[in-house]
Amino acid sequence: MKQISDKIQNSRPASIILTIWALCGFPLLCQLFTEWVRIGEWHETVRAFVRQLPLALLGTVVLSLIMIGIYILTRRVWISTLVVGLLMLTGSFVNFYKITYRGDPLLPKDLLLAVDAAKISSGLGLKLTYQMGFFFFFVALSVCVLLPVRSVFAKKGWKAFGARVLICLVPAALCGVYLKTVLWNKKVQTHFGVDTSQFYPMQSYQKAGFVTAFLMYFGALEPAVPEYYSPETVQAAAAVLPMGEHSTQKRPDVVVVMLESYYHLDNLPGLVCDTDLTKNYDRYAKEGISGDYIPDKYSGGTESMEFGALTGFSTSFLPTGSIPYMEYVDGEFPCYPRFMKEQGYKTIALHSFDLSIYRRNEVYPAMGFDEVYGRDDFVSPAMHGNFIDDTETARKVISLYEDATADGSSVFMHTVTVQNHIPNQPGEYPEDYSVNVTMPGISDYSAQSLKSVATGLRDVGDAIGILLDYFSQSDRDVVVLIFGDHQTAIGDQEGKELLDELPEFTQLSDEEKELRTHHAPYLMWSNFETRNAETAGAMPPYQLLATMLKDYNVVRPAWFDWLADTTTTLKGVNLGRVIEPDGTVGGIVAGASEKQWKVLHQQKILQYNAMFGDGSAKQRMYQ
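Thresholds applied
- Residues numbered from 1 in each chain as written.
- Predicted model: local features only at pLDDT ≥ 70, side-chain atom pairs only at ≥ 80, totals over all residues.
- Heavy atoms only, no water.
- Helix = DSSP H or I, 4+ residues; strand = E, 2+ residues; numbered from the N terminus.
- Rg over C-alpha atoms; globule rule 2.2 N^0.38 Å.
- Buried < 20%, exposed > 50% of the residue type's maximum accessible area, 1.4 Å probe, protein only.
- Contact = heavy atoms within 4.5 Å.
- Lys, Arg positive; Asp, Glu negative; His and termini not counted.
- Charge placed at Lys NZ, Arg CZ, Asp CG, Glu CD.
- 1 Å grid on protein atoms, 1.4 Å probe; cavity = no way out; pocket = protein on both sides within 12 Å on 5 of 7 lines; lining within 4 Å.
- Points joined across faces, edges and corners; volume = space filled by probe spheres on them.
- Polar contact = N/O pair within 3.5 Å; in protein donor to acceptor, adjacent residues only side chain to side chain.
- Pairing = 2+ DSSP bridges.
- Axes fitted to C-alpha atoms, helices over the stretch in contact; angles between N-to-C directions.
- Nonpolar A, V, L, I, M, F, W, Y, C, P; charged D, E, K, R; others polar.
- Expected span 1.5 Å × (residues − 1).
- Core = buried A, V, L, I, M, F, W, Y, C linked by side-chain atoms within 4.5 Å.
- Salt bridge = Lys/Arg side-chain N within 4 Å of Asp/Glu carboxyl O.

Concerning the overall build of the protein chain
Here is step 1 of the chain: Within the protein chain one finds 24 helices and 14 strands.
Here is step 2 of the chain: Relative to the 2.2 N^0.38 estimate, which gives 25 Å for 623 residues, the radius of gyration of the protein chain is 27 Å and therefore close to what a compact globule would have.
Here is step 3 of the chain: Structurally, the protein chain occupies a C-alpha span of about 90 × 65 × 45 Å along its principal axes.
Here is step 4 of the chain: With 623 residues in all, the protein chain has 57% of them scored as buried.
Here is step 5 of the chain: Long-range pairs, those at least 24 residues apart, make up 77% of the contacts in the protein chain with a sequence separation of at least 6.
Here is step 6 of the chain: Positive and negative side-chain charges in the protein chain, numbering 52 and 68 respectively, have mean positions lying 13 Å apart.

Below you can see the structure in the form of structure tokens.
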């Protein structure tokens with residue numbers, strides 16, 4: 001081995017050849033290994049990579065320029081290989097598990113959640129796949145081979161280092177120019193069939209490969225200014241908002257509860273449980289308004305649905321992968337809690353987990369909440385794994401509500417639960433506590449994971465019963481919105497989950513799978529007005545609270561009034577599609593009718609002005 005190393009070290013041609021391979025061939029092969037980690041099957045990976053090759057080469061240019069810069073600075077090609085190799089290894093690992101648990105790839109904006117993800121993922125039991133092992137071996141072998149390679153930058157010392165720093169600016173500048181003129185160029189993206197504004201980033205990643213797609217999305221981080229946006233169009237859009245007739249609107253206490261991973265397991269054919277998981281939901285649905293809405297996310301991204309419900313703002317109008325709480329909610333942010341505070345309500349927020357996740361400790365005050373409570377405000381609560389039992393959270397809601405109303409004040413209270421958060425692994429609950437489930441044709445691991453999920457959902461149902469039983473006996477008028485944030489992946493193992501075992505699911509198209517996994521229940525209920533098992537149909541998150549307030553004629557801003565009024569034209573947009581007035585999911589947004597386009601254009605202008613513009617429309621919106 002030493003003889004080979006000496007030959008390489010003493011052979012200038014060998015050093016040059018290996019250096020060229022390291023700076024050009026290595027980053028291209030790293031992309032191949034990254035796709036193998038994602039896809040899992042070698043022959044399928046090779047076929048996919050051959051199709052991606054032109055776009056993979058575009059990504060290789062950026063990786064090569066980065067490696068050249070590191071090589072110039074350090075004089076060691078093995079260091080640039082190690083740095084880029086580790087970055088690619090880390091990216092492939094995170095991308096694999098984000099797809100596994102969330103159904104979508106790693107996006108640039110996800111980097112904002114690195115600390116939060118570390119806190120949450122500690123209990124997931126993430127493991128290396130054998131594809132990751134081969135990738136690591138390839139990087140390690142490449143570094144070892146390149147260790148003896150001589151540098152063309154032979155001079156040492158601080159002067160030489162200073163010169164190399166200046167030379168490094170050349171590949172850095174070239175990289176910036178290349179990104180701006182090629183990878184971030186809409187014409188180039190369109191030519192290759194990549195659309196960074198579309199709802200389904202997975203399609204772009206499948207076409208372009210992880211590296212090229214990730215870099216392309218880096219050029220789409222800023223919110224796009226709506227077409228025809230100007231002070232005049234903002235004023236015109238604000239002028240059509242209804243006048244808030246608050247004197248005729250009811251002023252009950254308003255309670256919003258978002259339940260972690262709450263849904264009805266209705267996409268699992270043949271499932272039998274020994275417990276009725278939805279009995280309390282069904283009991284109160286007979287007196288209220290219920291149905292399924294269309295969440296933005298699958299198996300994660302809770303704050304996206306929470307943001308939409310509390311603000312009436314659509315994440316479909318934000319850059320792909322946006323994380324509003326991490327990026328946009330600061331200062332005195334316009335939203336319903338702040339409106340209620342201005343209406344004289346006490347505003348209370350409760351989350352039964354770490355408030356630093358998604359910056360809720362900063363976001364909630366920015367949204368106008370006077371009182372904010374988190375995990376540390378519970379006293380010896382019952383726990384399941386790392387999470388507080390949802391029935392404990394329900395009792396905490398009641399306790400806080402009683403304290404807040406003791407002086408006769410009106411209250412707006414918002415709660416986010418956490419018990420059903422992933423990983424949903426086998427054995428999360430004691431055997432004598434668990435719900436028994438049977439489902440034909442699934443693996444034992446998936447069956448045991450499903451048992452854990454069903455047990456958690458049983459507890460969520462109990463929490464719904466505790467809350468609504470209490471409010472049904474209250475002598476104060478209360479209106480309640482309860483909704484699940486999203487569905488959850490069950491039985492995740494080596495990139496596969498329970499749904500991947502079901503022929504009824506695997507035979508669907510990608511769009512059909514997206515729709516199947518993007519629905520969750522809502523329940524609108526009050527103790528002062530009984531409804532006869534009504535439904536408001538499907539809708540996006542940003543219509544949930546607006547719809548309930550309109551249907552029960554509860555005090556609301558002009559913005560929410562307008563949103564509810566537009567549902568006769570369309571229920572909204574989500575998953576890149578129009579939700580029609582009857583709640584059916586229609587065609588892509590680009591195919592919306594002229595009347596629907598007019599509504600969406602007004603909505604975009606007003607939302608952009610309130611979130612990113614001069615805010616000239618905010619006073620009218622929250623009148």
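A word on unusual backbone geometry
Here is step 1 of the chain: Residue Tyr228 is not a glycine yet carries a positive backbone phi of 65°.
Here is step 2 of the chain: Mapped onto the fold, Tyr228 is located in the loop between α10 (210-218) and α11 (231-239).
Here is step 3 of the chain: One non-glycine residue with positive phi stands out, namely Ala533, at about 50°.
Here is step 4 of the chain: The topology assignment puts Ala533 in the loop between β11 (520-526) and α21 (544-551).

Quick word on the layout of surface pockets
Here is step 1 of the chain: Here the second largest pocket defines a volume of roughly 1,100 Å³.
Here is step 2 of the chain: Lining the second largest pocket are 46 residues, with Val94, Lys98, Leu106, Asp110 and Ala117 positioned closest to its centre.
Here is step 3 of the chain: Of all the secondary-structure elements, those providing two or more residues to the lining of the second largest pocket are α3 (42-74), α4 (77-102), α5 (114-121) and α10.
Here is step 4 of the chain: By residue number, the principal contributor to the lining of the second largest pocket is α4, which donates eleven residues.

Describing the environment of Cys144
Here is step 1 of the chain: Within the element layout of this structure, Cys144 appears in helix α6 (residues 130-146).
Here is step 2 of the chain: In sequence terms Cys144 and Leu82 are 62 residues apart; their C-alpha atoms lie 9.8 Å from each other.

Overview of the side chain of Asn280
Here is step 1 of the chain: Note on placement: Asn280 falls in helix α12 (residues 279-285).
Here is step 2 of the chain: Note on Asn280: relative accessible area 10%, which makes it buried.
Here is step 3 of the chain: Residues contacting Asn280, with those up to four places away along its chain left out, are Gly461, Asp462, Ile464 and Gly465.

As for the side chain of Lys109
Here is step 1 of the chain: Secondary-structure assignment places Lys109 in the loop between α4 and α5.
Here is step 2 of the chain: A residue is classified by how much of its surface remains accessible, and Lys109, at 4% relative accessible area, is buried.
Here is step 3 of the chain: In terms of polar contacts, Lys109 uses its side chain to reach the side chain of Tyr328, at 3.5 Å.
Here is step 4 of the chain: Setting aside residues no more than four positions away along its own chain, Lys109 makes contact with Leu221, Pro319, Thr320, Gly321, Ser322, Ile323, Glu327 and Tyr328.

Let's talk about α21
Here is step 1 of the chain: Within α21, six of the eight residues are buried, leaving the element largely enclosed by the surrounding structure.
Here is step 2 of the chain: Inspection of α21 places Leu544, Leu545, Ala546, Thr547, Met548 and Leu549 among the buried residues, and these make up the whole buried set.
Here is step 3 of the chain: Of the residues trailing α21, Asn553 is marked for its positive phi of about 55°.

Considerations on the environment of Lys396
Here is step 1 of the chain: Structurally, Lys396 is set in helix α17 (residues 390-405).
Here is step 2 of the chain: Taking the C-alpha atoms as reference points, Lys396 and Thr196, 200 residues apart in sequence, are found 43 Å from one another.
Here is step 3 of the chain: Excluding residues within four positions of it along the chain, Lys396 makes contact with Leu350, Asp377 and Phe378.

What to know about the sheet that holds strand β12 (residues 572-574)
Here is step 1 of the chain: An order of β12-β13-β14 is seen for the three strands of this open sheet, with the pairing classed as antiparallel. Where the open sheet ends on each side, the last strands, each with one partner, are β12 and β14 (585-588). The average undirected angle you get between the axes of adjacent strands in this sheet is 35°.
Here is step 2 of the chain: Here three bridges tie β12 to strand β13 (residues 577-579), and the two strands are oriented antiparallel to one another. The partner of Asn574 across the bridge, within β13, is Arg577.

Describing the environment of Pro201
Here is step 1 of the chain: On the secondary structure map, Pro201 appears in helix α9 (residues 201-208).
Here is step 2 of the chain: Look at Pro201 and you get buried, because its relative accessible area is 7%.
Here is step 3 of the chain: Along the sequence, Pro201 and Tyr217 sit 16 residues apart, while their C-alpha atoms lie 9.0 Å from each other.
Here is step 4 of the chain: Leaving out residues up to four positions away in the same chain, Pro201 has contacts with Pro105, Leu107, Tyr217 and Thr320.

A short note on empty space enclosed by the protein
In this approach, a probe sized like a water molecule rolls over the atoms, and the result shows the empty space that is left.
Here is step 1 of the chain: In this structure the tally under the stated criterion is eight cavities of 30 Å³ or more.
Here is step 2 of the chain: If you add up the space inside the largest cavity, you get close to 80 Å³.
Here is step 3 of the chain: Here the lining of the largest cavity is built from residues that sort into four nonpolar, three polar and six charged.

Concerning α17
Here is step 1 of the chain: Here α17 contains 16 residues, and its C-alpha end-to-end distance of 22 Å stays within 8% of the 22 Å for a straight helix at 1.5 Å per residue.
Here is step 2 of the chain: When we look at burial in α17, the residues that qualify are Asp390, Thr391, Thr393, Ala394, Lys396, Val397, Ile398, Leu400, Tyr401, Ala404 and Thr405.

Section: the nonpolar core
Here is step 1 of the chain: By size, the foremost hydrophobic cluster in this structure holds 77 residues, and its most contacted members are Tyr336 and Trp559.
Here is step 2 of the chain: For this core, the leading source of residues is helix α23 (residues 594-611), giving six residues.
Here is step 3 of the chain: Setting aside residues no more than four positions away along its own chain, Trp559 makes contact with Leu241, Thr311, Gly312, Phe313, Gln603, Leu606, Met621 and Tyr622.
Here is step 4 of the chain: By size, the runner-up hydrophobic cluster in this structure holds 51 residues, among which are Val255, Leu350, Leu467 and Leu498.

Regarding the pattern of salt bridges
Here is step 1 of the chain: Tallied over the full model, the rule gives 19 salt bridges.
Here is step 2 of the chain: A salt bridge links Asp565 to Lys550, with the shortest nitrogen-to-oxygen separation between them at 3.0 Å. With Asp565 in helix α22 (residues 558-565) and Lys550 in helix α21, this residue pair connects regions lying 15 residues apart in the sequence.
Here is step 3 of the chain: Assessed through its relative accessible area of 34%, Asp565 is described here as partly exposed.
Here is step 4 of the chain: On the basis of relative accessible area, Lys550 is assigned to the partly exposed category, the value being 30%.
Here is step 5 of the chain: Note that Asp561 is salt-bridged to Arg556, the shortest N-O span being 2.7 Å.
Here is step 6 of the chain: A residue is classified by how much of its surface remains accessible, and Arg556, at 5% relative accessible area, is buried.

Note that all results are geometric; they support no functional claim without further evidence.
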